[in-house]
Amino acid sequence: MKNDATQLLQKSQAYEHNARISVPGYDILFSMIQAYFRAQLGVHQASILIVGAGGGNELSAWGQFNPKWSFTGVDPSEEMLQIASYKATQCGLDSRVQLIQGTIDHLPATTRKFDAASCILVLHFIEQWQEKLALLQNIHEQLKPGKPFVLVSAYGQRDSEELQDRIKIWQSFFLDVGYPQAKVEDMGKVIMNISFISDQQIEQLLRESGFQHITRFFTSGLFAGWMCHA
Ligand SMILES: C[S@@+](CC[C@H](N)C(=O)[O-])C[C@H]1O[C@@H](n2cnc3c(N)ncnc32)[C@H](O)[C@@H]1O
């Protein structure tokens, strides 16, 4: 379904608003990743793979102030990609952005290897261990040797009290900004549909996929972020 510019603006603002409640420090997270990529890539031309590019926040956060970076984004959601495309245009990035509806498996066979990659808030939507592993292996495959990768995901031992406590805190963020109690209770049930695995298991997946020098650099509520190298 095609959305007009007003609808896309509203959807983009709604997505950003929600992300900022759900992940306290969401904007700082993108600044930290930008700093990491800058430190690794220097001032050269660089191609960046964005897995889960829907919403376009990677594009608006990193595209505007890094004119030598170009971006290839994959995302299966047509609606989320429309928002990303809208944002790319608003930020004057169209000539440096390619968006592909699909997963990383839909990258053209001729795609050259990337200088950096990110996969932010995607892994927990992938159900099975083997599928998570395949995704990370595929990202590793798409990177030039030694190049940086950032993974951000929800984490937690399913059914542990520790995770339940963090979910209560996450719910309280939404209550604090005025979401109705009943809606927040439903959100607490819905969040359990995502595929939680522990932080140690996420690090194991990264190692099994071939990534090295794995450093956890971010923790916020339900989510954590790791930087590493192909
Ligand atoms: C919560 S959004 C995160 C978007 C963006 N990375 C951000 O941090 O704002 C999750 C996105 O992952 C996408 N997604 C789900 N499964 C995916 C997959 N296998 N490969 C790539 N993207 C996927 C969804 O369509 C959605 O747009």
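Residues numbered from 1 in each chain as written. Predicted model: local features only at pLDDT ≥ 70, side-chain atom pairs only at ≥ 80, totals over all residues. Heavy atoms only, no water.

### Details of the site of the ligand
Turning to step 1, where the next piece is worked out: Taken together, 18 residues are adjacent to the ligand, and Y15, Y26, G52, E58 and D75 come closest.
Turning to step 2, where the next piece is worked out: Contact distances for the ligand include 2.6 Å between an oxygen atom and a side-chain N or O atom of D75.
Turning to step 3, where the next piece is worked out: One nitrogen or oxygen atom from the main chain of I120 is found 2.9 Å from a nitrogen atom belonging to the ligand.
Turning to step 4, where the next piece is worked out: When the ligand sits alone it has 600 Å² of accessible area, and the protein chains cover 86% of it.
Turning to step 5, where the next piece is worked out: Of all elements in the fold, only α2 (26-41) and α3 (57-62) reach the threshold of two or more residues within the shell around the ligand.
Turning to step 6, where the next piece is worked out: Per-class residue counts for the shell around the ligand are 11 nonpolar, 5 polar and 2 charged. (Near = heavy atom within 4 Å. Polar contact = N/O pair within 3.5 Å; in protein donor to acceptor, adjacent residues only side chain to side chain. Areas by Shrake-Rupley, 256 points an atom, 1.4 Å probe, with all protein chains shown as cover. Helix = DSSP H or I, 4+ residues; strand = E, 2+ residues; numbered from the N terminus. Nonpolar A, V, L, I, M, F, W, Y, C, P; charged D, E, K, R; others polar.)

### Details of the side chain of D115
Turning to step 1, where the next piece is worked out: Within the secondary structure layout, D115 lies in the loop between β3 (97-101) and β4 (116-120).
Turning to step 2, where the next piece is worked out: Polar side-chain contacts of D115 include one of 2.8 Å to the backbone nitrogen of S47.
Turning to step 3, where the next piece is worked out: Engagement of the side chain of D115 in a polar contact is seen with the side chain of K144, the distance being 2.7 Å.
Turning to step 4, where the next piece is worked out: Setting aside residues no more than four positions away along its own chain, D115 makes contact with L41, Q45, A46, S47, L143, K144, K147 and P148. (Contact = heavy atoms within 4.5 Å.)

### Brief notes about the sheet that holds strand β6 (residues 212-220)
The pairing of strands in a sheet happens through backbone hydrogen bonds and is either parallel or antiparallel.
Turning to step 1, where the next piece is worked out: Taken together, the 7 strands give an open sheet; going across it, the order is β3-β2-β1-β4-β5-β7-β6, and neighbouring strands pair in mixed fashion. Here the strands that pair on one side only, and so sit at the sheet edges, are β3 and β6. Averaged over all neighbouring strand pairs, the angle between strand axes comes to 15°, with direction disregarded.
Turning to step 2, where the next piece is worked out: Inspection of the sheet shows strand β1 (residues 46-51) paired to β4 by 4 bridges, in the parallel sense. (Pairing = 2+ DSSP bridges. Axes fitted to C-alpha atoms, helices over the stretch in contact; angles between N-to-C directions.)

### So, the packing of aromatic side chains
Turning to step 1, where the next piece is worked out: Enumeration over the complete set of coordinates arrives at 9 aromatic pairs.
Turning to step 2, where the next piece is worked out: Between F37 and W62 the ring centres are 5.5 Å apart and the planes differ by 70°, which places this aromatic pair in the edge-to-face class. Taken together, the residues F37 in helix α2 and W62 in helix α3 connect sequence positions 25 residues apart.
Turning to step 3, where the next piece is worked out: Using a relative accessible area of 0% as the deciding quantity, one classes F37 as buried.
Turning to step 4, where the next piece is worked out: Residue W62 is classed as buried on the basis of its relative accessible area of 0%.
Turning to step 5, where the next piece is worked out: Ring geometry for W170 versus F174: centroids 5.1 Å apart, planes at 70°, classification edge-to-face. Here W170 and its partner F174 are both found in helix α6 (residues 161-176), 4 residues apart, which amounts to about one turn of the helix. The same class applies to W170 as to F174, namely buried.
Turning to step 6, where the next piece is worked out: An aromatic cluster of at least three residues, connected via ring pairs, comprises Y26, F30, Y36, F37, W62 and W69. (Phe/Tyr/Trp six-rings, centres within 6.5 Å; stacked < 30°, edge-to-face > 60°. Buried < 20%, exposed > 50% of the residue type's maximum accessible area, 1.4 Å probe, protein only.)

### Here's the deal with the pattern of salt bridges
Turning to step 1, where the next piece is worked out: One pass over the full model with this rule turns up 8 salt bridges.
Turning to step 2, where the next piece is worked out: For the salt bridge of R20 with D27, the shortest nitrogen-to-oxygen distance reads 2.7 Å.
Turning to step 3, where the next piece is worked out: By relative accessible area, R20 is classed as partly exposed at 39%.
Turning to step 4, where the next piece is worked out: Overall, D27 belongs to the partly exposed group, its relative accessible area being 40%. (Salt bridge = Lys/Arg side-chain N within 4 Å of Asp/Glu carboxyl O.)

### Side note on the side chain of Q142
Turning to step 1, where the next piece is worked out: Relative to the elements of secondary structure, Q142 occurs in helix α5 (residues 129-142).
Turning to step 2, where the next piece is worked out: Contacts of Q142, omitting those with residues within four sequence positions, involve L49, I104, L107, K113 and F114.

### Re the packing of helix α1 (residues 5-22) against helix α4 (residues 78-90)
Between two packed helices, what matters for the description is the angle formed by their axes and the separation of those axes.
Turning to step 1, where the next piece is worked out: Where α1 meets α4, the closest approach of the two axes is 9 Å, and the angle between their N-to-C directions is 100°. Relative to α4, the element α1 lies roughly perpendicular. Residue-level inspection shows A5, L8, L9, K11, S12, Y15 and E16 of α1 in contact with α4, the latter providing E79, M80, Q82, I83, Y86 and K87.
Turning to step 2, where the next piece is worked out: Partitioning the contact of α1 with α4 into residue classes produces 7 nonpolar, 2 polar and 4 charged. (Parallel < 35°, antiparallel > 145°, perpendicular 65-115°, else oblique.)

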